[in-house]
Amino acid sequence: MNGWTLAATVTLGGGVGATLWGVATGPLRRRVVAQNLSTALACPALLLLAEGYDRPSYVDLALVLALLGPVGTLVFARLLADELAEDPPRAWAVTYAAAGIGAAVVLVLCVATGPSRAMVKLLVVGALLIGGNIVASRALSGGFRGIRHG
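Just so it is clear, the structure is predicted and the values come from calculations on it, not from any experiment. (Residues numbered from 1 in each chain as written. Predicted model: local features only at pLDDT ≥ 70, side-chain atom pairs only at ≥ 80, totals over all residues. Heavy atoms only, no water.)

A. Layout of the overall build of the protein. Along its length, the protein carries six helices and zero strands. Counting helices and strands in the order they occur from the N terminus, the protein gives α-α-α-α-α-α. For a compact globule of 150 residues, the expected C-alpha radius of gyration is about 15 Å, and the protein comes in at 16 Å, within 12% of that figure. On the principal axes, the C-alpha backbone points of the protein span a range of 45 × 30 × 25 Å. (Helix = DSSP H or I, 4+ residues; strand = E, 2+ residues; numbered from the N terminus. Rg over C-alpha atoms; globule rule 2.2 N^0.38 Å.)

B. Representation of the packing of helix α2 (residues 28-53) against helix α5 (residues 92-113). Their axes nearest at 9 Å, the elements α2 and α5 cross at an angle of 15°. With respect to their mutual orientation, α2 and α5 come out roughly parallel. The handedness of the crossing between α2 and α5 is left-handed. Contacts between α2 and α5 involve L37, A40, L41, P44, L47, L48 and E51 from the first element and V94, A98, I101, G102, V105, V106, L109 and T113 from the second. Class assignment for the residues of the contact of α2 with α5 results in twelve nonpolar, two polar and one charged. (Axes fitted to C-alpha atoms, helices over the stretch in contact; angles between N-to-C directions. Parallel < 35°, antiparallel > 145°, perpendicular 65-115°, else oblique. Left-handed = near helix turned anticlockwise from the far one by under 90°. Contact = heavy atoms within 4.5 Å. Nonpolar A, V, L, I, M, F, W, Y, C, P; charged D, E, K, R; others polar.)

C. Structural view of the nonpolar core. Ranked by size, the top nonpolar core spans 17 residues in total, and within it C43, L47, A62 and V125 carry the most contacts. Of all elements in the fold, only α2, α3 (57-79), α5 and α6 (117-140) reach the threshold of two or more residues within this core. Looking at this core element by element, the count peaks at six residues for α2. The residues contacting C43, other than those within four sequence positions of it, are A62, L65, A66, V125 and L129. Counting residues in each nonpolar core, the second largest holds seven residues, with V33, A77, A139 and L140 among its members. (Core = buried A, V, L, I, M, F, W, Y, C linked by side-chain atoms within 4.5 Å. Buried < 20%, exposed > 50% of the residue type's maximum accessible area, 1.4 Å probe, protein only.)

D. Geometry of empty space enclosed by the protein. One pass over the structure, following the stated rule, counts two cavities of 30 Å³ or more. Space inside the largest cavity adds up to approximately 90 Å³. Around the largest cavity sit 13 residues that line it, and N36, A40, T95, A98 and N133 are the ones nearest its centre. Elements represented by at least two residues in the lining of the largest cavity include exactly α2, α5 and α6. Ranked by residues supplied to the lining of the largest cavity, first place goes to α6 with five residues. For the lining of the largest cavity, the residue count by class is nine nonpolar, four polar and no charged. Approximately 50 Å³ is the volume found for the second largest cavity. Taken together, V33, N36, P89, R90, A91, W92, T95, S137, L140 and S141 make up the lining of the second largest cavity. (1 Å grid on protein atoms, 1.4 Å probe; cavity = no way out; pocket = protein on both sides within 12 Å on 5 of 7 lines; lining within 4 Å. Points joined across faces, edges and corners; volume = space filled by probe spheres on them.)

E. Focus on a nonpolar patch on the surface. A surface patch of nonpolar side chains, amounting to about 550 Å² of accessible area, comprises V64, L67, L68, V71, V75 and L79. Examined against the element boundaries, L79 turns out to sit in helix α3. (Patch = residues over 30% accessible without salt bridge, like charges linked within 9 Å, V, L, I, M, F, W, Y side chains within 5 Å. Areas by Shrake-Rupley, 256 points an atom, 1.4 Å probe, with all protein chains shown as cover. Salt bridge = Lys/Arg side-chain N within 4 Å of Asp/Glu carboxyl O.)

F. Structural view of α2. Its 26 residues give α2 an end-to-end C-alpha distance of 37 Å, which sits within 8% of 38 Å, the value for a rise of 1.5 Å per residue. Across the 26 residues that make up α2, a large majority, 19, are buried. Where α2 terminates, the next one or two residues include D54, which has phi positive at roughly 55°. (Expected span 1.5 Å × (residues − 1).)

G. A look at the side chain of T39. With respect to the element layout, T39 can be found in helix α2. Judged by relative accessible area, T39 falls into the buried class, the value being 11%. Looking at T39, its side chain comes within polar contact range of the main-chain oxygen of N36, at 2.9 Å. Leaving out residues up to four positions away in the same chain, T39 has contacts with L65, G69, L129 and N133. (Polar contact = N/O pair within 3.5 Å; in protein donor to acceptor, adjacent residues only side chain to side chain.)

Honestly, that's just the spatial picture; any functional story needs more than this.
Right under this line is the structure:
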């Protein structure tokens, strides 16, 4: 086990374990936030595992997860809009913490990778991960001003 796999294990063990508890228990607002958080933490773990095991294909998995995870959250936000409007989630601290973890992992991996096409892919994954989860969290907490739900 090297440092990369240890960091991935800590990220998966602590973060995804907490999100599984959040999905399995509690009110609806906690469950949808935990579902969004699970992709925000699993993606950096996949990036760390890609470096730890020297498997570039794991970066492709992280790219797909960074793209489809927030889209799934947006689908839940749309389908559960009426229920969430009564008691909207407010999890900005958790969202920014997950975005910070994602940014830190991407930056460290970019330094370790060096200038290359792989670094560009890491930056794209980071942008999708952070931007997508912030947009999805905003949609969960009540949507965007000026946009009506139809």
